[in-house]
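Per-entry structural report
Listed here are the chains, written in short residue letters.
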Amino acid sequence: MLGDRLRDLRAQHGLTLRQLAQQADVSPALLSQIENGATDPSLATLRKLARVFDASIAALFADPDAPEVHVSRPGSRPRLSAPRGQIAYDRLTPGRGDLEVLQADLSPGDASSPEPWSHPSTECTVVLAGEVVAEINGEKHRLAEGESITFDSRLPHRYRNDSTDAARIIIAVTPPTP
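Residues numbered from 1 in each chain as written. Predicted model: local features only at pLDDT ≥ 70, side-chain atom pairs only at ≥ 80, totals over all residues. Heavy atoms only, no water.

An unreviewed UniProt entry annotates the chain as DNA-binding protein of Actinocatenispora comari.

So this is what it looks like as structure tokens:
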């Protein structure tokens, strides 16, 4: 679905694969693989593409045919990959544009981004397993299994696993602009 949407956006903006690659500072080969469904893009790549289209990341996943009822099953969820040391996300919701729910596994030392960043949404994160530090507007909040945090995500933020054990979180964002 993402590949088709990316191809459509590229056509709407009158861009060739090479032009989009240059504007997004990614390789044409990577874009081709994304459009053909051969690879899942990283969150950093999605952010670059969204900037070129002056759109939210959620717009890249917009699906006008999203079902009214959506069942998400492990192993068949779209994945937002990340470089080593950063977390990858599994998308639990379809691309309707009203809500984004993501699941992430954090290995010891992993972080959601190299530096805190912000976006115009409300965000709620629940720790399903382990312990996570939510760094929000320079303040560190240590969250244990079962605890959650909700905040205005216009405040610079990121998540880190500073422990020696793996952690799992669920992040809900509305409107979806992660």
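**So, the UniProt feature "domain: HTH cro/C1-type" (unreviewed entry) in the chain**
Those residues carrying the UniProt feature "domain: HTH cro/C1-type" (unreviewed entry) are residues 6-60 in this numbering. Taken end to end, residues 6-60 comprises 67% helix and 0% strand; its first and last C-alpha atoms sit 7 Å apart. (UniProt positions renumbered as here; feature names shortened; annotations may be inferred. Helix = DSSP H or I, 4+ residues; strand = E, 2+ residues; numbered from the N terminus.)

**Comments concerning the pairing of strand 6 (residues 139-144)**
If a strand is regular, its side chains alternate between the two faces of the sheet. Bridge count between strand 5 (residues 131-136) and strand 6: 6 bridges; the pairing is antiparallel. Bridged to A134 within strand 6 is H141. Here strand 5 hands over to strand 6 after 2 residues, with N137 in that stretch at a positive phi of 55 degrees. (Pairing = 2+ DSSP bridges.)

**Points about helix 4 (residues 43-52)**
By the burial criterion, the buried members of helix 4 are L43, T45, L46, R47, L49 and A50. Buried residues along helix 4 sit against helix 1 (2-12), helix 2 (17-24), helix 3 (28-35), helix 5 (57-60), strand 1 (79-80) and strand 2 (89-91). Two residues or fewer past helix 4, D54 is found with a positive phi of approximately 50 degrees. (Buried < 20%, exposed > 50% of the residue type's maximum accessible area, 1.4 Å probe, protein only. Contact = heavy atoms within 4.5 Å.)

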